[in-house]
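Listed here are the chains, written in short residue letters.
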Amino acid sequence: MRVRLLVATVAAVLLPAGAVAPAAAAAPTATTPPAATTPSTTTTPPAAPATVAGAPAQPCPRAPAPKVSRPPRPTPPPAVTEDRMVGGPALATAGLVVPSGVAAPPAVTATSWLVADLDSGQVLGGCGPHEYGTPASVQKLLLAATMLPRLDPKQVVTVVDEDLDIEPGSSAVGLVPGGRYPIETVWLGLLLQSGNEAANLLARLGGGAEGRAGGVRAMNEHARRLGARQTHAVTPSGLDGAGQFTSAYDLALIARVCFADATFRRYALTERTRIPAQPGRKAKGFEIQNENQLIYRYPGALGGKTGFTDLARHTYVGAAERNGRRLVVTLLGAEPRPARGWEQGAALLDWGFSLPRDAAVGRLVEPGELDEPASPAPAGTGDPRPAAVSGPVDDGSVGRWWGVALGGAGVLLLGGLLWQRAARRRAR
């Protein structure tokens, strides 16, 4: 891990002192993200002129949002420089990071977001990608990534009272105590209707002897393996819990694993299904529909997940395919006006699809990669486009590493070799 940190920090200082760090222009704050359903034919103004490193930060493009009352935001864990640099040093910013010279991203109300390529793992851009946020129901994707391989979809399971222990008035699919349902039906209730009792049931089943608590523990262990170092689950459903956090970057790691699963993709694109009657419990059957409007209104949509709590506000994960390219968007802390979460996601997907295929500011790490011992490798070829970073970079550690890196030519040489290795892995 120390070598990985060296790679990231040395890469940030390979430019000579006084070098220019290009920055994209912020879209006008009055711009409303389109509810885009087709590729845009209009041209966004080019990126703003480059700004000298250390100049005042350019904020992320933000759409005006109505003021709302919300519970006090919880205090996030202390920032860990190494965790904020997962995926590349350019991602360690609270501001905007986009490839140099590209069109500005649309203005959205989300406090943080990220767009990435599901197949190559390239991160196309983001706003505060490693900033802590609360997940709401997009946390159900971590539950799916953890439990889908563990549970037989054909197995019939019985709902117990513990499964129905959810916040009154929160999202539920309508499972009844004592009811018997195929696990596939429970998954559809989770992903289409965001059923919190379905999340409790699946976590309990996947948690083994420890029940739901064991399921949540497995979720956290899986997040760690995926490289989602800023994610900590307290509830399996995403209902708010003390100490529960995630980030836009982590959500992209989790979503990438979900969309690699054919069963998940089928569930995510299911428009409607029927919850079977439970004659023994005097409960009639009924139909549920997918709440994710992206699948109905965005050509090439692959699915995703919506989320909302008073604390988290609106959260969203969505994915789509266009011209053989599959992108995912994640966003946290959004307001539904002037555009709903899925519409903001659609606008960012449109922006992502407009970028050249080699445009990148970082990458999604592979499962288990951060736990592997680092080893030297031959230098590769090909560097990604430089990132345009706006916003403060954590706690100044990069500045201290600048001095260390410039202090020895040997360190710079090693950093260059290893950074080329990382560039080669990004191109896979």
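Refer to the structure printed above.
Residues numbered from 1 in each chain as written. Predicted model: local features only at pLDDT ≥ 70, side-chain atom pairs only at ≥ 80, totals over all residues. Heavy atoms only, no water.

> How would you explain the environment of Glu 369 if you had to name every residue and give the values?
Mapped onto the elements, Glu 369 comes out in the loop between β13 (362-363) and β14 (387-389). Judged by relative accessible area, Glu 369 falls into the buried class, the value being 2%. When the C-alpha positions of Glu 369 and Arg 225 are compared, they lie 8.0 Å apart, and in sequence the two are 144 residues distant. Side-chain polar atoms of Glu 369 contact the side chain of Arg 363, separated by 2.4 Å. (Helix = DSSP H or I, 4+ residues; strand = E, 2+ residues; numbered from the N terminus. Buried < 20%, exposed > 50% of the residue type's maximum accessible area, 1.4 Å probe, protein only. Polar contact = N/O pair within 3.5 Å; in protein donor to acceptor, adjacent residues only side chain to side chain.)

> If you had to explain empty space enclosed by the protein to someone new, which residues and values would you point to?
The full count for this structure, using the stated rule, is 1 cavity of 30 Å³ or more. Estimates place the volume of the largest cavity at around 40 Å³. Lining the largest cavity, in full, are Pro 135, Val 138, Gln 139, Leu 142, Thr 231, Thr 246, Leu 251 and Ile 254. Taken together, the residues of the lining of the largest cavity break down into 5 nonpolar, 3 polar and no charged. (1 Å grid on protein atoms, 1.4 Å probe; cavity = no way out; pocket = protein on both sides within 12 Å on 5 of 7 lines; lining within 4 Å. Points joined across faces, edges and corners; volume = space filled by probe spheres on them. Nonpolar A, V, L, I, M, F, W, Y, C, P; charged D, E, K, R; others polar.)

> Report on the packing of aromatic side chains, specifying residues and quantitative values.
Taken as a whole, this structure holds 3 aromatic pairs when the rule is applied. Here the aromatic rings of Phe 259 and Phe 264 are separated by 5.2 Å at their centres, their planes lie at 85°, and the arrangement is edge-to-face. With relative accessibility at 0%, the residue Phe 259 sits in the buried group. (Phe/Tyr/Trp six-rings, centres within 6.5 Å; stacked < 30°, edge-to-face > 60°.)

> Pulling in residues and values, what's your account of the side chain of Ser 120?
Mapped onto the elements, Ser 120 comes out in the loop between β4 (112-117) and β5 (122-127). Exposure remark for Ser 120: the relative accessible area of 17% places this residue in the buried category. Polar contacts involving the side chain of Ser 120 include one to the main-chain amide nitrogen of Gln 122, which spans 3.2 Å.

> How would you explain the state of the cysteines if you had to name every residue and give the values?
Tallying each qualifying case throughout the model produces 1 disulfide. The disulfide partner of Cys 60 is Cys 127, and the S-S distance across this bridge is 2.2 Å. Because the sign of the S-S torsion sets the handedness, a value of about 105° for the bond joining Cys 60 and Cys 127 places this disulfide among the right-handed ones. Residue Cys 60 is found in the loop between β2 (51-52) and α2 (81-84), and its partner Cys 127 is found in strand β5; the two are separated by 67 residues along the sequence. (Disulfide = S-S within 2.5 Å.)

> Which residues make up the side chain of Thr 330, and what are the values?
Here Thr 330 lies in strand β12 (residues 325-334). Of the polar contacts made by the side chain of Thr 330, one reaches the backbone oxygen of Ala 248; its length is 2.8 Å. With residues near it in sequence (within four places) discarded, Thr 330 still touches Ser 112, Trp 113, Leu 114, Ala 248, Leu 251, Ala 252, Tyr 316 and Val 317. (Contact = heavy atoms within 4.5 Å.)

> Which residues make up the packing of helix α5 (residues 196-206) against helix α6 (residues 211-226), and what are the values?
Contact geometry for α5 and α6: axes closest at 6 Å, N-to-C directions at 85°. As far as their axial angle goes, α6 and α5 are roughly perpendicular. Facing Asn 200, Ala 203 and Arg 204 of α5, the residues of α6 in contact are Gly 211, Arg 212 and Gly 215. Tallied by class, the residues present in the contact of α5 with α6 amount to 1 nonpolar, 3 polar and 2 charged. (Axes fitted to C-alpha atoms, helices over the stretch in contact; angles between N-to-C directions. Parallel < 35°, antiparallel > 145°, perpendicular 65-115°, else oblique.)

> Give a detailed account of the environment of Leu 148, specifying residues and quantitative values.
You can see Leu 148 is positioned in the loop between α3 (140-147) and β6 (156-158). Looking at Leu 148, the relative accessible area reads 13%, which means it is buried. Put simply, Leu 148 and Trp 187 are 39 residues apart on the chain and 8.8 Å apart in space, counted from C-alpha to C-alpha.

> How would you sum up the pairing of β12? Please name residues and give values.
Among the 10 residues of β12, 10 are classified as buried, and the element is accordingly described as predominantly covered. Pairing of β4 with β12 involves 6 bridges; the strand directions are antiparallel. When the bridges of β12 are listed, Ser 112 appears paired with Leu 332. With 8 bridges joining them, strand β11 (residues 313-322) and β12 adopt antiparallel strand pairing. Counterpart to Arg 322 in the pairing with β12 is Arg 325. In textbook terms, the turn of a hairpin is the stretch between consecutive antiparallel strands, and for β11 and β12 this stretch comprises 2 residues, one of which, Asn 323, has a positive phi near 55°. (Pairing = 2+ DSSP bridges.)

> Tell me about the nonpolar core, and please be specific about residues and values.
Counting residues in hydrophobic clusters, the biggest one holds 66 residues, and the most contacted among them are Val 123, Leu 143, Trp 187, Leu 190, Leu 202, Tyr 249 and Phe 264. Considering every element that reaches this core, the biggest residue donor is helix α7 (residues 248-259), with 9 residues. Those residues within four positions of Leu 143 in sequence are excluded, and the remaining contacts are Leu 148, Trp 187, Leu 190, Ala 199, Leu 202, Ala 203, Met 219 and Pro 236. (Core = buried A, V, L, I, M, F, W, Y, C linked by side-chain atoms within 4.5 Å.)

> Summarise α3; cite the residues concerned and give the values.
The element α3 is largely enclosed, with a buried count of 8 among its 8 residues. Turning to α3, its buried residues number three or more, namely Lys 140, Leu 141, Leu 142, Leu 143, Ala 144, Ala 145, Thr 146 and Met 147.

> Before we move on, could you go through unusual backbone geometry and cite the residues and values that matter?
The linkage connecting Arg 337 with the following residue, Pro 338, adopts the cis geometry, with an omega of 15°. With respect to the element layout, Pro 338 can be found in the loop between β12 and α10 (341-354). At Asn 323, a position not held by glycine, the phi torsion is positive, near 55°. Within the element layout of this structure, Asn 323 appears in the loop between β11 and β12.

Any functional reading would require information that these geometric values do not contain.
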